[in-house]
Amino acid sequence: MKRPLAAVLLLLVTAAPALALRPEAPRIGHQAPRFSANLIDGTRRSLTDYRGRVVLVNFWASWCGPCKAEIPDLRDLQSAYPPEKFTILAINEDDELKAALDFLKKRPVNFPVLLDEKGRIMDDYGVRGLPTTLLIDTRGVVREIVFGPRDWSSKEWKERIDGLLAETARAAAPTTKAAD
């Protein structure tokens, strides 16, 4: 009886530091975990580079059938907004860059594609299946977490994005005092 207990205690003691360093998965109403990664052209980008914009972070891979299906809708959604107000960040989870490049050659996109070469961003975000998508407001707060594919060019999603953009506009508008 003492040996199994000792083994469990040893496992807990050795695993505790790794568990303590792991960031908490994002939650609605909380700041999105920060990340940085290379774009497919090698340029380094981070989530904070897009602060002040509504951001849709989409985790995908070239081998994922539902991911392939939603690419045209994501392209249409990005086309509906100026990139300085709304940006899609597609986080690629392919093991090899060539797979992502071949996919994008056949299905070009109009938004940045970041490479999560070691799966760290996916781990930090607690992604367990693809596609997984997060809608993040202009202050970096997670507003929606979506598991599985969606029709991103639908009226429903455009209304949600418009609502977040309107919140930003209201917050930025100068307040006027009523005359006494």
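What you see is a predicted model, and the numbers here were worked out from it, not measured in a lab.

Draft legend 1. Fine view of unusual backbone geometry. A cis amide bond links Leu-130 to the next residue, Pro-131, at an omega of -10 degrees. Along the polypeptide, Pro-131 turns up in the loop between helix H4 (120–124) and strand S6 (132–136).

Draft legend 2. Seen up close, the pattern of salt bridges. Applying the stated criterion to the full structure yields seven salt bridges. As a salt-bridge pair, Glu-144 and Arg-160 come within 3.1 Å of each other at their nearest N and O atoms. Here Glu-144, found in strand S7 (residues 142–147), pairs with Arg-160, found in helix H5 (residues 155–172); they are 16 residues apart in sequence, far enough to count as distant. Residue Glu-144 is classed as partly exposed on the basis of its relative accessible area of 23%. Arg-160 gets classed as partly exposed once you look at its relative accessible area, which sits at 29%. Residue Lys-155 pairs with Glu-159 through a salt bridge whose shortest N-O separation is 3.8 Å. Remark: Glu-159 and Lys-155 occur in helix H5; sequence separation between them is four residues, near one turn of the helix. You can call Glu-159 partly exposed: its relative accessible area is 46%. One continuous salt-bridge network, built from bridges that share partners, spans Asp-137, Arg-139, Arg-143 and Glu-167.

Draft legend 3. Fine view of the confidence of the model for the chain. Taken residue by residue, the chain gives an average pLDDT of 88. The fraction at 70 or more is 84%. The low-confidence segment residues 5–22 (pLDDT under 50) makes two contacts with residues lying over four places distant or belonging to another chain.

Draft legend 4. Spatial organisation of the pairing of strand S1 (residues 36–39). By the bridge criterion, three bridges tie S1 to strand S2 (residues 44–46) in an arrangement that is antiparallel. Bridge pairing in S2 links Ser-36 to Ser-46. Between S1 and S2, which follow one another and run antiparallel, lie four residues, and Gly-42 among them has a positive phi close to 95 degrees. Strand direction decides the pairing type here: S1 and strand S5 (residues 113–115), joined by two bridges, are antiparallel. Across the sheet, residue Asn-38 finds its bridge partner in S5, namely Leu-115.

Draft legend 5. Focus on helix H2 (residues 65–79). The terminal C-alpha atoms of H2, which comprises 15 residues, lie 23 Å apart, in line with the 21 Å expected from a rise of 1.5 Å per residue. At Ile-71, H2 is bent by approximately 35 degrees, the largest bend along its length, and proline Pro-72 sits one to four residues beyond. All of the buried residues along H2 are Cys-67, Glu-70, Ile-71, Asp-73, Leu-74, Leu-77 and Gln-78. Its buried side turned inward, H2 meets strand S3 (54–60), strand S4 (86–92), helix H3 (97–106), S6 and H5.

Draft legend 6. Molecular detail of the packing of aromatic side chains. Using the criterion set out here, one finds five aromatic pairs in the structure. Centre to centre, the rings of Phe-35 and Tyr-125 are 5.8 Å apart; their planes meet at 75 degrees, and the pair counts as edge-to-face. One end of the pair, Phe-35, is in the loop between helix H1 (2–21) and S1; the other, Tyr-125, is in the loop between H4 and S6, with 90 residues separating them in the sequence. Here Phe-35 matches Tyr-125 in class, with each residue buried. When the ring of Tyr-81 is compared with that of Phe-86, the centres are 5.2 Å apart and the planes differ by 55 degrees; the resulting orientation is tilted. Comparing Tyr-81 with Phe-86 shows no difference in burial state: the two are buried. Through a chain of ring-to-ring contacts, the aromatic side chains of Phe-35, Phe-59 and Tyr-125 assemble into a single cluster. Its end group placed over the ring of Trp-157, Arg-160 keeps NZ or CZ at 4.3 Å from the ring centre.

Rules used in this analysis
Residues numbered from 1 in each chain as written. Predicted model: local features only at pLDDT ≥ 70, side-chain atom pairs only at ≥ 80, totals over all residues. Heavy atoms only, no water. Helix = DSSP H or I, 4+ residues; strand = E, 2+ residues; numbered from the N terminus. Salt bridge = Lys/Arg side-chain N within 4 Å of Asp/Glu carboxyl O. Buried < 20%, exposed > 50% of the residue type's maximum accessible area, 1.4 Å probe, protein only. pLDDT = per-residue confidence, 0-100. Contact = heavy atoms within 4.5 Å. Pairing = 2+ DSSP bridges. Expected span 1.5 Å × (residues − 1). Bend = angle between axes of the 7 residues up to and from the residue. Phe/Tyr/Trp six-rings, centres within 6.5 Å; stacked < 30°, edge-to-face > 60°. Lys NZ or Arg CZ within 6 Å of the ring centre and 35° of its normal.

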